[in-house]
Amino acid sequence: MSLHLCNPTTFSSLPLPLSASLLSLTTTPVTNYSASVPAIYRLTAPAIAYTNLSFCNITLTYTHPGQNDSIIIETWLPAASSSSNLTTNPTNPWNSRLLAVGGGGYQAGRFDLSYAGMQGGLGEGYATITTDAGLGSDTTARRWALLSEGNVNLYNLLNLGSASLGDMGLIGKEIIKAFYGKGPEYSYFNGCSQGGRQGMVLAQRFPGLFDGIVAGAPAVYWSEAMGGFQWPQVVMNEGGEWPFGCEVDAIGEEATKQCDGLDGVVDGIVQEVEGCLGVFDPFGMVGREVECAQLGGRVITITEAAAAVVNKTWHGRERVDGRKVWYGLVPGSDLTVNGSGIVATNCTEEGCVGRANPLGKDWFELFVEKSSTADVSNMTHRELDRYVKATKQDFGSLLETDDTDLAEFKRQGGKLISWHGLIDQLLSPKATERYYQDVSVIVSETQEFYRHYEVPGLEHCFGGPSGNPLELLGQLRAWVEQGIAPEASPVNVTRLDGTTEARVVCPYPQKAKLDASCTGGACWTCEDAIRPPL
């Protein structure tokens, strides 16, 4: 399709959902466009680089009358021009598919990672789309959370939670139809973290809107995720001691050493996380000396407070009465993340104080306390219990994404792939495992439409010794379009000696196993594994 159609007249009769009213629409022809997108920013697709592509950028702003919102949807439509270097079909470079991309943190989309996903999709011929849910590109919710002190902007939360996602799919397809003269043959969604949660929303609330969804590290259980972010800080507050990060890191490193070989392979990766919790005792590290980077390399001894917070973080949040209510991060995950993890502290020569993760801290201050000046840094255990309960009561219908009845999504032919790094530093991989198990109870023959992959050695969305599962989006397409269900999916793992090894991740409940007799080629295969109910 030629760029001469990239003008507002082409979209002058664009139908919108009944609840939406157009505020503005701009079109920008883009030529000689070049991009290089690393694999990690594509999440589930390989790196890509290209030059001299052309596309039409349609930026549409709309509102829901009466809600005082202003939501931006940005769509990139591949188009031909005299400078296009596409060889597949230079007169119409569109592959007849839509790829929507998700957000991260409190950003629904239209930020750096979203644009990287769009660049990748554009290079493969997708019409690609993102929405900001009316929240802009701020990394925090402080600008848009409150209408006034004491009053949460519930419409903004509704847009973040679900409404803008349904709008994006419906409006995006109409934009495509207006430009190309037909809608997409297939529609896909790809996202991680907030983007993973968005993918689950689409499967749960808008079945039939997208044919295939890839959801990485999804924040499915919103209330429990917020509680998990704050839990280690509460543990330290209750104990009245805040350990140096070097203490926490040393315990984690020793756990990795002791648990590394439980899967039969010494590679610096803990795959058997449940087994690790059974054999490694963090309190056995108390009194051990460690060089502390926070103190310029001075040697200190690991405290019982450090062991306690690591132990509590691994085993997950419990209520004041001692009843465990949610899952923790797993041994091998980076709990401090150089001062920005959920067990982070701010330290001087005199000692340390807590440093709460901003995702949870902002949530409880802005949405539960409903105040821009609240400070929950000194939150108690009882207060955390109350805050998590209030989150479920007040905002569960807006943001929880734990509906396990995907029968309608299955009936309409949808295909869903979720994936989660086992050393995620923010969201427990056990939560996604729990969701998959619960769906399997509700919907029969789950693997006909939904498969879940655990990725040992992968951090939150990307990072760690394992690379991303870069073939999952392609495998999803094959599942949707050809009926070829995904099985093993390749990943590249960096071993302890710095070399790279080709491995696989497996559809749950299988696990990857090494053929010890293998001397080359495909040495890792998927084998059945017993997974107890969570």
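Residues numbered from 1 in each chain as written. Predicted model: local features only at pLDDT ≥ 70, side-chain atom pairs only at ≥ 80, totals over all residues. Heavy atoms only, no water.

As recorded in an unreviewed UniProt entry, the protein chain goes by the name Carboxylic ester hydrolase, listed as coming from Podospora comata. Regarding the protein chain, the relevant UniProt record gives this comment under Sequence similarities (unreviewed entry): "Belongs to the tannase family." (UniProt positions renumbered as here; feature names shortened; annotations may be inferred.)

Asks: Before we go on, may I ask you to explain the nonpolar core in this structure?
Replies: Ranked by size, the top nonpolar core spans 63 residues in total, and within it Leu 157, Ile 251, Trp 363, Phe 364 and Phe 367 carry the most contacts. Listing elements by their share of this core, those giving two or more residues are helix H3 (154–180), helix H5 (222–239), helix H6 (245–259), helix H7 (273–279), strand S10 (289–292), helix H8 (304–315), helix H9 (358–368) and helix H10 (381–399). The contact partners of Phe 364, leaving out residues within four places of it in the chain, are Met 226, Gly 227, Gln 230, Glu 369, Val 376, Met 379, Leu 384, Tyr 387, Val 388 and Thr 391. Formed by 50 residues, the second largest nonpolar core is a distinct cluster that contains Ala 100, Leu 165, Val 220 and Tyr 221. (Core = buried A, V, L, I, M, F, W, Y, C linked by side-chain atoms within 4.5 Å. Buried < 20%, exposed > 50% of the residue type's maximum accessible area, 1.4 Å probe, protein only. Helix = DSSP H or I, 4+ residues; strand = E, 2+ residues; numbered from the N terminus. Contact = heavy atoms within 4.5 Å.)

Asks: Would you take a moment to explain H9 for this structure?
Replies: For the α-helix, the turn length of 3.6 residues means that residues three or four positions removed from each other point alike. Of all the 11 residues making up H9, nine are buried; the element is thus mostly covered by neighbouring parts of the structure. Within the span of H9, buried status applies to Gly 360, Lys 361, Asp 362, Trp 363, Phe 364, Glu 365, Leu 366, Phe 367 and Val 368. Buried residues belonging to H9 abut strand S6 (146–148), strand S7 (151–152), H3, H5 and H10. Positive phi shows up at Lys 370, right after H9, with a value of about 60°.

Asks: How should the state of the cysteines be read in this particular structure?
Replies: Where two cysteines share a covalent bond between their sulfur atoms, that bond is called a disulfide. One pass over the full model with this rule turns up seven disulfides. Covalent S-S linkage joins Cys 246 and Cys 292, the inter-sulfur distance amounting to 2.1 Å. Its S-S torsion of approximately -90° makes the covalent link between Cys 246 and Cys 292 left-handed. Residue Cys 246 is found in helix H6, and its partner Cys 292 is found in strand S10; the two are separated by 46 residues along the sequence. Cys 292 carries the same exposure label as Cys 246, and that label is buried. There is a disulfide in this structure between Cys 506 and Cys 526, and the S-S distance comes to 2.1 Å. The sign of the -90° torsion about the S-S bond sets the Cys 506-Cys 526 disulfide as left-handed. Here Cys 506, found in the loop between strand S17 (500–505) and strand S18 (511–514), pairs with Cys 526, found in strand S19 (residues 524–527); they are 20 residues apart in sequence, far enough to count as distant. (Disulfide = S-S within 2.5 Å.)

Asks: Can you help me understand the sheet that holds strand S5 (residues 127–131) in this one?
Replies: In a beta sheet, neighbouring strands pair by backbone hydrogen bonds and run either parallel or antiparallel. On the basis of which strands lie adjacent, the open sheet formed by nine strands has the order S1-S2-S3-S5-S4-S8-S9-S14-S15 and mixed pairing. Two strands lie at the open edges of the sheet, namely strand S1 (21–37) and strand S15 (450–455), each paired on one side alone. Between one strand axis and the next, the sheet turns by 15° as a mean value, whatever way the strands run. Of the pairings in the sheet, the one linking strand S4 (residues 97–101) to S5 comprises three bridges and is parallel in character. What sits directly across from Leu 99, in S5, is Thr 128. Strands in contact with H3 are strand S2 (48–63), strand S3 (71–78), S4, S5 and strand S8 (186–192); relative to S3, the strand with the most contacts, it is inclined by about 35°. The strands touched by helix H12 (residues 429–442) are strand S14 (415–421) and S15; relative to S15, the strand with the most contacts, the crossing angle is about 160°. (Pairing = 2+ DSSP bridges. Axes fitted to C-alpha atoms, helices over the stretch in contact; angles between N-to-C directions.)

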